[in-house]
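A structural walkthrough
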Amino acid sequence: MIEIINYEDRYHNDFRQLNLEWLEKYGLAEKHDYEVLDNPMAIITGGGSIFLARFDNSIAGTAALAKMYNQTYELIKMAVTPGMRGSGIGTMLLEHCLAKARLLKAEKIILYSNSKLQAAINMYLKHGFEHIAVTDSPFVTADVKMQLSL
């Protein structure tokens, strides 16, 4: 059974490694990624949340909401371990993040991505995200920006 849990410091290495695995695979790891992955508690203390998908006592996925400004949040650091991709964990994490955003009275969620990540982009589209102009990105490699109005 897959369980979505809140981040705790004891999961720092899982959070970091799951995200670095796909970032490095696609050649997308940047300075900003390392800053976030080295200090995930900054997401939480900044008004955001980090969620983990636990399967058989192992962490199989991550996703986070970072508070941006006003009632805008950014969906960040979404990752699923390679052996569990296609199992629905990504969708579960995304839906959990969307539910949390609604509880927080978020008005919109943005995300930055890369066109190499078509499976993720398709999942975002299915959940109502729309492509918008790529502006204000902290990432050099981000050629996709999407937004969901709540």
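Before any of the text, the structure's been laid out above.
The present account deals with the structure reproduced in this document.

Rules and cut-offs
Residues numbered from 1 in each chain as written. Predicted model: local features only at pLDDT ≥ 70, side-chain atom pairs only at ≥ 80, totals over all residues. Heavy atoms only, no water. Core = buried A, V, L, I, M, F, W, Y, C linked by side-chain atoms within 4.5 Å. Buried < 20%, exposed > 50% of the residue type's maximum accessible area, 1.4 Å probe, protein only. Helix = DSSP H or I, 4+ residues; strand = E, 2+ residues; numbered from the N terminus. Contact = heavy atoms within 4.5 Å. Pairing = 2+ DSSP bridges. Axes fitted to C-alpha atoms, helices over the stretch in contact; angles between N-to-C directions. Expected span 1.5 Å × (residues − 1).

Generally speaking, nonpolar side chains in soluble globular proteins are found buried as a group. Counting residues in each nonpolar core, the largest one holds 26 residues, and the members touching the most others are Leu75, Met78, Leu94, Tyr124 and Phe129. Looking at this core, the elements with two or more residues in it are strand 2 (49-55), strand 3 (58-69), strand 4 (72-80), helix 4 (89-103), strand 5 (108-113), helix 5 (118-126) and strand 7 (144-149). Top contributing element to this core by residue count: helix 4, with 6 residues. Filtering out sequence-adjacent residues up to four positions away, Met78 remains in contact with Asn19, Trp22, Thr62, Ala63, Gly90, Leu93, Leu94, Met123 and Tyr124. Judged by nonpolar contacts, the second largest core, of 20 residues, contains Leu20, Leu23, Ala64 and Ala66.

Moving on to the sheet that holds strand 3. If you walk across this open sheet you meet the 7 strands as 1-2-3-4-5-7-6, and the pairing is mixed. Looking at which strands have only one partner, the edges of the open sheet turn out to be strand 1 (2-6) and strand 6 (130-132). Here the strands of the sheet are splayed against their neighbours by 30 degrees on average, with no regard to which way each runs. Relative to strand 4, strand 3 runs antiparallel, the two sharing 7 bridges. Note on strand 4: the bridge partner recorded for Ala66 is Glu74. Contacting strand 1, strand 2, strand 3, strand 4, strand 5 and strand 7, helix 4 runs over the sheet at an angle of about 30 degrees to strand 3. On top of the sheet, helix 5 reaches strand 4, strand 5, strand 6 and strand 7; it is set at about 20 degrees to strand 7, its chief contact.

Below, the discussion takes up helix 1 (residues 12-25). Between its first and last C-alpha, helix 1 extends 20 Å over 14 residues, near the 20 Å set by a 1.5 Å rise per residue. Along helix 1, the positions that sit buried rather than exposed are Phe15, Arg16, Leu18, Asn19, Leu20, Trp22 and Leu23. Structurally, helix 1 contributes buried residues whose contacts are with helix 2 (31-38), helix 3 (41-45), strand 2, strand 3 and strand 4. Backbone geometry just after helix 1 places Gly27 at a positive phi near 65 degrees.

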